[in-house]
Amino acid sequence: MSITAPVADTSRAAPHLDAVLRRRVARLGMWLFLASELLFFGGLLFAYAHGRLQWPEGFVAAGRRTDVLLGTVNTVVLLTSSLLVAVAVEAAAHGRRRWVPWLLWGTVALGLAFLALKGVEYHKDFAEGLFPGPHFRLTEAGAEVFFMLYFTATGLHAVHMLAGIAAVALFAWHTRHRQSDWLRSSRMETAALYWHFVDVVWVVLYPLLYLVGRHP
Amino acid sequence: MNAGDKMDSALGRRERPGRADPWRRELRALLLAWVALLTLLFTSLGVAYLPVAPGAKALTGLAIAGVKASIIAIVFMQLGRGHVLVRVVAAVAVAALLVMGGLSAVDYLTRTPAAAPVQLPRQTHPPVGR
């Protein structure tokens, strides 16, 4: 027997089974990756929890300085982008292939809008002396730790957004032809799972960074 | 419907016979989830401005975020109809996160903060005339 012979040629014996397995493996692989990402962001969340318990007044004073309007608008933008990706996957699965590139380009546009708003927010934060360092303006103990976590968490999230935008844009570009293999919902599903995870991270960050220290 | 779509519907999409158009049903479910997410978002925003203790507000905000994350995972990420292995991976990830958080809390929550004298940094004069 040649060493190049396949061990088990399931694709020839049962192509349908092979497709089922490939789909399951792809989905499981992405979920495993997302599990590692959850632990990655989890460390930041626990650092935040300990900081908040250690310096409650400092965290409240610092949380009051974040822009709740921009944070809320960005949350709406991201939740809507997740809806578009989910609809794109279902549209591909149910034969509505014409919709798919439009939905994906819509997602990319919303992702870019999110990053643009984040840029505006960062600019405002820098102007107000909220970036940790020698020019940090707040004096309460722990306030600088809050903003260190704020910039680390939102910065890492923005890097993940960039990767997600690139992935979704790639699918949007390739699905412009109705017969493209990229339209298979099983393939698109992995990119969609990543996008939704990035959304979940933001959903958890939102109350921790933007809703602290608000009062009537 | 072409071959790819037929394959997709054969690969785990549970089309229930005798129900409305499955595409419309899916679309309606996704739109409802999105409306629920926006409602929860504005609820958490409103709660943040209520005159209650900051700790209670923080816990409410986190609980609402947990519900929102669950809706995204179950409806948008299709965890509800995923393979059992996928659900096991998701559950183990959350459990591992909680265990690690608990282990780190063993240190941080049992520390006794000791007041230490703080010496402000200052520039000393360089030795001159030696």
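Thresholds, definitions, all that
- Residues numbered from 1 in each chain as written.
- Chains lettered and ligands numbered in written order.
- Predicted model: local features only at pLDDT ≥ 70, side-chain atom pairs only at ≥ 80, totals over all residues.
- Heavy atoms only, no water.
- Helix = DSSP H or I, 4+ residues; strand = E, 2+ residues; numbered from the N terminus.
- Expected span 1.5 Å × (residues − 1).
- Buried < 20%, exposed > 50% of the residue type's maximum accessible area, 1.4 Å probe, protein only.
- Contact = heavy atoms within 4.5 Å.
- 1 Å grid on protein atoms, 1.4 Å probe; cavity = no way out; pocket = protein on both sides within 12 Å on 5 of 7 lines; lining within 4 Å.
- Points joined across faces, edges and corners; volume = space filled by probe spheres on them.
- Nonpolar A, V, L, I, M, F, W, Y, C, P; charged D, E, K, R; others polar.
- Axes fitted to C-alpha atoms, helices over the stretch in contact; angles between N-to-C directions.
- Parallel < 35°, antiparallel > 145°, perpendicular 65-115°, else oblique.
- Left-handed = near helix turned anticlockwise from the far one by under 90°.
- Buried area = accessible area lost by both parts, 1.4 Å probe.
- Salt bridge = Lys/Arg side-chain N within 4 Å of Asp/Glu carboxyl O.
- Polar contact = N/O pair within 3.5 Å; in protein donor to acceptor, adjacent residues only side chain to side chain.

Undergrad: Looking at this model, I keep getting lost on helix α3 (residues 54-76) of chain B. Mind explaining?
TA: Since the α-helix packs 3.6 residues into each turn, any two residues three or four apart lie on the same face. Helix length check: α3(B) (23 residues) gives 32 Å between terminal C-alpha atoms against 33 Å at 1.5 Å per residue, within 8%. Looking at α3(B), one finds that the buried residues are B:K57, B:G61, B:I64, B:A65, B:K68, B:A69, B:I71, B:I72, B:A73 and B:F76. In the core, the buried residues of α3(B) are packed alongside α4 (68-93) and α7 (185-210) of chain A together with α2 (22-48) of chain B. Two residues or fewer past α3(B), B:Q78 is found with a positive phi of approximately 55°.

Undergrad: Looking at this structure, how should I read empty space enclosed by the protein?
TA: A probe matching the size of a water molecule, rolled over the atoms, marks out where space remains unfilled. For the structure on display, the rule yields three cavities of 30 Å³ or more. In this structure, the largest cavity spans a volume of roughly 130 Å³. If you trace the largest cavity, you find 14 residues lining it, with A:P207, A:L211, A:V212, B:K57 and B:A58 closest to the centre. Where the lining of the largest cavity is concerned, the elements lending two or more residues are α7 of chain A together with α2 and α3 of chain B. Broken down by element, the lining of the largest cavity gets its largest block of residues, five residues, from α3(B). By residue class, the composition of the lining of the largest cavity is nine nonpolar, three polar and two charged. Quantified by volume, the second largest cavity comes out at close to 110 Å³. Contributing to the lining of the second largest cavity are 14 residues, with A:V89, A:E189, B:F76, B:M77 and B:Q78 lying nearest its centre.

Undergrad: Explain the layout of surface pockets here, please?
TA: Of the voids in this model, the largest pocket is the one considered here, and its volume is about 1,100 Å³. Taken together, 40 residues line the largest pocket, and the ones lying closest to its centre are A:L38, A:L45, A:V204, B:L62 and B:L97. Elements with a minimum of two residues in the lining of the largest pocket: α2 (15-54), α6 (143-174) and α7 of chain A together with α3 and α4 (84-108) of chain B. In terms of residue class, the lining of the largest pocket is made up of 35 nonpolar, four polar and one charged.

Undergrad: What is the right way to read the packing of α6(A) against α7(A) from this model?
TA: In a pair of packed helices, the angle between the axes and the distance between the axes together describe the arrangement. Residue and element names in this part refer to chain A. One way to put it is that α6 packs onto α7 with a least axis distance of 10 Å and a crossing angle of 160°. Considered as vectors, α6 and α7 are oriented roughly antiparallel to each other. Handedness of the crossing formed by α6 with α7: left-handed. Where α6 approaches α7, its residues F146, Y150, A153, T154, H157, H160, M161, A163, G164, I165, V168 and F171 are matched on the opposing element by R187, M188, A191, Y194, W195, V198, V201, W202, L205, L208, L209 and Y210. By residue class, the composition of the contact of α6 with α7 is 19 nonpolar, four polar and one charged.

Undergrad: In this structure, what is going on with unusual backbone geometry? I would like to understand it.
TA: Among all residues except glycine, the phi angle is most often negative; among peptide bonds, the trans geometry is most common. All names here are of chain B. Of note, the phi angle at Q78 is positive, near 55°, even though the residue is not glycine. Looking at the secondary structure, you find Q78 in the loop between α3 and α4. A relative accessible area of 10% places Q78 in the buried class.

Undergrad: Would you take a moment to explain the environment of A:H196 for this structure?
TA: Looking at the secondary structure, you find A:H196 in helix α7. Look at A:H196 and you get buried, because its relative accessible area is 0%. Put simply, A:H196 and A:V20 are 176 residues apart on the chain and 23 Å apart in space, counted from C-alpha to C-alpha. Contact partners of A:H196, with chain neighbours within four places excluded, come to A:S82, A:V85, A:A86, B:I72, B:F76 and B:M77.

Undergrad: It is not clear to me how the interface of chain B and chain A should be interpreted in this structure. Could you clarify?
TA: Interface size is often expressed as the accessible area that is lost when the parts come together. At the interface, 57 residues of chain B touch 58 residues of chain A. When the two sides are added together, the surface that chain B and chain A hide from each other amounts to roughly 5,000 Å², 74% of it contributed by carbon and sulfur. On inspection of chain B and its partner chain A, the count reaches two salt bridges. Ionic pairing is found between B:R81 and A:E90, a salt bridge with its closest N-O pair at 2.8 Å. For the pair chain B and chain A, the interface holds five residue pairs in polar contact (both at pLDDT 80 or more). Going through the elements one at a time, α1 (3-10), α2, α3 and α4 of chain B are the ones with two or more residues in the side of chain B that touches chain A. By residue number, the principal contributor to the side of chain B that touches chain A is α2(B), which donates 14 residues. Grouping the amino acids of the side of chain B that touches chain A by side-chain chemistry returns 39 nonpolar, nine polar and nine charged.

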